[in-house]
Amino acid sequence: MSFYPPEPFRIKMVEPIRLIDRPARQIALQDAGYNLFGLHSDDVFIDLLTDSGTGAMSQNQWSAIMEGDESYAGARSFFRLKEAVNEIFGFRFFVPTHQGRAAENILAALLVKPGQYIPSNMHFDTTDANIRARGGSPANLVIEEAFDPTNRHPFKGNMDIQKLRRFITETGVENIPFGMITITNNAGGGQPVSMENIRKVSETYREFGIPFFIDACRFAENAYFIKMREPGYGEKSTLEIAREIFSFADGATMSAKKDAIVNIGGFFTMNDETLYQAACNELILREGFPTYGGLAGRDLDAIAAGLREGVDEDYLAYRLGQTAYLANLLLDNRIPIIEPPGGHAVYVDAGKFLPHIPQSQFPGQALSVELYIEGGIRACEIGSVMFAYPDPDTGDMMFPKLELVRLAIPRRVYTQSHMDYIGGVFAKIAKQKEKVKGYKFIYAPPMLRHFTARFAPI
Ligand code: PM9
């Protein structure tokens, strides 16, 4: 029996949810074109689509919201956020943005030229798409262990340093405007990156004079994994570990909707003053004045409070413990998952679970649909719907190595009985999995197609 850590909070406000009946779920799904993003949230019982912007804010955050200063320029809220960002990230400059992808858009708009390459362990879909939208090519150089779901490497988000060196030498430094790393590695199972690896990545980029930016959405979960798993870090605080992580980089993009536990917001932070000035100009053009960046003053205050709560170790122990509990429930039912579980989600290996469905018929999509029909659970496909692209030279479809379904756990939202319910739904599906059928596209946009594509069962 796996351990469920008691929540380090009690519930002061509740939001009703309900399970509509099976025929109603079938109709809702048909109306949504079998795309879970197309469902009305009222028709979803347990929503594991994303951990982004779906967390429950604390009483401190709600009271900080009441203190929001809505001045157009120079708001007190901006300076409070600046202090929190500086305390944790330590870069010289920062601009707020309305969410993470806006920060990525500014970074890509300013630095990526057509034909250039951006290495990372693995880019998430919005980073990948922002680089491609500027004519660049994202390159994923994660260690090979990341592609072996049952390999229990403690830091499966690590970048392969040999691959990185080879990539830089073969591509040419002049074609690499900056390098990145994503912590934790969302596209690869929410897996952490070790401090040793971050340091080596930084040294490699610095040796070649390549600026280094961290996609920091889940930096606090990553820092806590370092504390738990990396020799020499057990006695350090998560805050100290986070500061050390960022000391190796030249800047970071952040979606505050994850580890800052807010419903909207993000920022772009950096050391280079020229880049900061250019970012301010981009921001003014697309987001807003540099002291509010597309957000209300109250949002800035909620982020400032959330950033500090996000590194609280009681919270992080509960957070990662809840994810591990769900992972163990699935393993007990022989559901293949990426092991060990990551921080924010459990990733089911749909390719292995449904071996009778080929990649071209989207096994991850098929399992996501089944979870909704069987139990009103909404999950997110992270497989060929999200990441299969035609090869630019041959036109052949290039499929990702893994077909995953992500059960992302919103922060401070669901309880142990919700986790037990999810385990029960999986157990039912497992008994009749041979009957699950594949899907085909009936509409797919050219980029980020998982958001708006429509499907039909095969
Ligand atoms: N991630 C997620 O669900 C939300 C969009 S996809 C449903 O995992 C990383 C590592 C992310 C990420 C968003 C972003 C973009 C950047 N990097 O959503 O624009 O996981 O705030 O952040 C989502 P925004």
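Everything here concerns the structure above.
All values reported here derive from a predicted model rather than from experimental measurement. (Residues numbered from 1 in each chain as written. Predicted model: local features only at pLDDT ≥ 70, side-chain atom pairs only at ≥ 80, totals over all residues. Heavy atoms only, no water.)

Looking only at helices and strands, the protein chain features 16 helices and 16 strands. For 458 residues, the compact-globule estimate of 2.2 N^0.38 gives 23 Å, and the C-alpha radius of gyration of the protein chain, at 21 Å, lies within 12% of that figure. By principal-axis analysis of the C-alpha atoms, the protein chain measures approximately 60 × 55 × 45 Å. Out of the 458 residues in the protein chain, the part that is buried amounts to 60%. Sequence-distant contacts, at least 24 apart, represent 73% of the contacts inside the protein chain between residues at least 6 apart. Accessible surface for the protein chain amounts to roughly 18600 Å². Of this, 52% is attributable to carbon and sulfur atoms. (Helix = DSSP H or I, 4+ residues; strand = E, 2+ residues; numbered from the N terminus. Rg over C-alpha atoms; globule rule 2.2 N^0.38 Å. Buried < 20%, exposed > 50% of the residue type's maximum accessible area, 1.4 Å probe, protein only. Contact = heavy atoms within 4.5 Å. Areas by Shrake-Rupley, 256 points an atom, 1.4 Å probe, with all protein chains shown as cover.)

What follows covers the site of the ligand. Lining the immediate surroundings of the ligand are 19 residues, of which Thr 50, Arg 101, Ser 255, Lys 258 and Arg 406 lie closest. Arg 218 is positioned with one of its side-chain polar atoms (N or O) 2.9 Å from an oxygen atom of the ligand. A distance of 2.6 Å separates an oxygen atom of the ligand from a polar side-chain atom of Ser 255. Bound to the protein, the ligand loses 98% of the 520 Å² it would expose on its own. Among the elements that take part in the shell around the ligand, helix H4 (residues 100–111) stands out by supplying three residues, more than any other. (Near = heavy atom within 4 Å. Polar contact = N/O pair within 3.5 Å; in protein donor to acceptor, adjacent residues only side chain to side chain.)

So, about the sheet that holds strand S2 (residues 93–97). Ordered by their spatial adjacency, five strands build an open sheet running S2-S8-S7-S6-S5, and the pairing between neighbours is mixed. The sheet is open, and its two borders are formed by S2 and strand S5 (179–182), each paired with just one other strand. Neighbour-to-neighbour, the strand axes of the sheet open up by a mean angle of 15 degrees, direction not taken into account. In this structure, S2 lies alongside strand S8 (residues 266–270), joined through five bridges in antiparallel fashion. (Pairing = 2+ DSSP bridges. Axes fitted to C-alpha atoms, helices over the stretch in contact; angles between N-to-C directions.)

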